[in-house]
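Results of the structural survey
Single-letter residue listing:
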Amino acid sequence: MISDMQPDDIVGDFKEVYLQLYNSIKRRILYTDIETPYPDGKLIVSTTDLDGTITHVNKSFVEMSGYTEEELIGAPHCILRHPDMPPAAFKDLWNTVQKGEKWQGFVKNLRKDGGFYWVKATVIPNIRKGSVVGYTSVRRKPSRKKVEECIQLYPTLF
Amino acid sequence: MSYTFTVSPDFSPDHISGWYIFNTWLQRQTCEAIHLEMFNDFDELHAAIHNDQIDLIYANPYDAAMLVREKGFLPVAKAAGESDEAIIAVAESSAVNAVEELKQGVRVAYTDDPDVRLMGMIMLEPADLNSENITPVLAGSYPVVAKHLLKNEADVGIFLAEAFDDLSNLIKNQLKVLVRSQISVIHHALLVGPKFQHQRDAMTELLTAMHHDEKGVAILKSLGFSAWEKVDDEETEFMIDLMDTLAT
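The paragraphs below set out a description of the structure included in this document. (Residues numbered from 1 in each chain as written. Chains lettered and ligands numbered in written order. Predicted model: local features only at pLDDT ≥ 70, side-chain atom pairs only at ≥ 80, totals over all residues. Heavy atoms only, no water.)

**Overview of the interface of chain B and chain A**
Quite often, the size of an interface is put as the accessible area lost when its parts meet. With 22 residues of chain B in contact, the opposing surface of chain A contributes 23 residues. Across the chain B to chain A interface the summed buried area is about 1,900 Å²; carbon plus sulfur atoms make up 53%. Scanning the region where chain B abuts chain A turns up seven salt bridges. Our enumeration of links across chain B and chain A arrives at eleven residue pairs in polar contact (both at pLDDT 80 or more). Elements that contribute at least two residues to the side of chain B that touches chain A include exactly helix H4 (114-124), strand S9 (175-180) and helix H10 (233-246) of chain B. The element that contributes the greatest number of residues to the side of chain B that touches chain A is H10 of chain B, accounting for eight residues. Considered class by class, the residues forming the side of chain B that touches chain A number nine nonpolar, four polar and nine charged. (Contact = heavy atoms within 4.5 Å. Buried area = accessible area lost by both parts, 1.4 Å probe. Salt bridge = Lys/Arg side-chain N within 4 Å of Asp/Glu carboxyl O. Polar contact = N/O pair within 3.5 Å; in protein donor to acceptor, adjacent residues only side chain to side chain. Helix = DSSP H or I, 4+ residues; strand = E, 2+ residues; numbered from the N terminus. Nonpolar A, V, L, I, M, F, W, Y, C, P; charged D, E, K, R; others polar.)

Next up, the structure:
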């Protein structure tokens, strides 16, 4: 399940936008300009089922996203979707992993408190006995230079 | 029939006798003839794996991926509460205080331990460093990585965290840790090959009960950990998937 973001959860001044997510789901997004730096030495790890519903998260995911584990398990992975991310990036991600290939890219993720954090994300299909049973996403600290390039590039992809 | 057991060459030299004692114990418990073969380096180990000469192995995560996916090995157990972590360090006298300050062409000392190098290179990525724009300084062991830093033959070193922690205080005091990984889910594991899988369930039972008797506790101590913990297939598959995501 995914619900609209609530002003009470937001830290700092925020903007509001409605994002069209997968299928016909629309989500009210409240977002700020506050960046949380990626912690050194950590990996953010999650797995989803074939529909993109979160089935596993690690501690770093919980810490960085601001959600509790209970809120994350069962939620669609697009709970992290930031309005500054071009839809084309996620279309490319899904097209790639559904072909059974690895996807890698730089992603601006949305926190529960409206803030954001940049990651270098890698997503791979989980193949068990020859069939894809889900996807694993591992995020690591990105280079600032690459992030700056994405800040310039992504607005041109809408 | 005799089986061959080996241990990933990145084990601490302090525990070599422990593995021989463990092997003797394992033979008695399973009533199987098991020969412990120690390889000097990863090249020798990989050649033996390639030639299907290994039946049991305490493998590092990188080799575990290949053994499970390509050679039909199955996981049995891992050291309870232990995980493989890496450290990026420089000499204490270095002006560098953060990974982001490292520049292309930097001299990076590391061993041939593939998973530690992988984790270490990931921690250098925030400085836009990769295997193509660093100057590699290959070392035979982690104390030699430290030596390269202290003699200014390398600017930065990649260590297995456990090996770094085992360095003498005299050496550690002359080094500065920039980053210590906190990945938690990457670990060594005891795997059984296709010819030894008839013993998998019995071994799981034996190993996970080992810390309940006095002799078992003493052997575990000589290996450097407190207990074995069962590892199931999915946990290993998950770790391998995770390693796959890092291998780019």
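**Observations regarding the sheet that holds strand S4 (residues 74-79) of chain B**
Residues and elements named next belong to chain B. The six strands lie next to each other as S2-S1-S3-S10-S4-S11, forming an open sheet whose pairing is mixed. Unpaired on one side and paired on the other, strand S2 (33-36) and strand S11 (228-230) mark the two borders of the sheet. Across the sheet, the mean angle from the axis of one strand to that of its neighbour is 25 degrees, orientation sign disregarded. Where strand S1 (residues 2-7) and strand S3 (residues 56-59) come together, three bridges link them in parallel fashion. Opposite Thr6, over in S3, you have Ile57 as the bridge partner. Contacts from helix H8 (residues 200-208) reach S3, S4, strand S10 (189-192) and S11 within the one sheet, and its direction differs from that of S4 by about 5 degrees. (Pairing = 2+ DSSP bridges. Axes fitted to C-alpha atoms, helices over the stretch in contact; angles between N-to-C directions.)

**Here's the deal with the pairing of strand S5 (residues 86-91) of chain B**
All names here are of chain B. For S5, the buried fraction is high: six of the six residues fall into the buried class. Bridge analysis of S5 against strand S8 (residues 156-160) gives four bridges, and the strand direction is antiparallel. Along S8, the bridge assignment pairs Ile88 with Ile158. Where S5 and S9 come together, five bridges link them in antiparallel fashion. In the sheet register, Val90 faces S9, and the bridge partner there is Lys176. (Buried < 20%, exposed > 50% of the residue type's maximum accessible area, 1.4 Å probe, protein only.)

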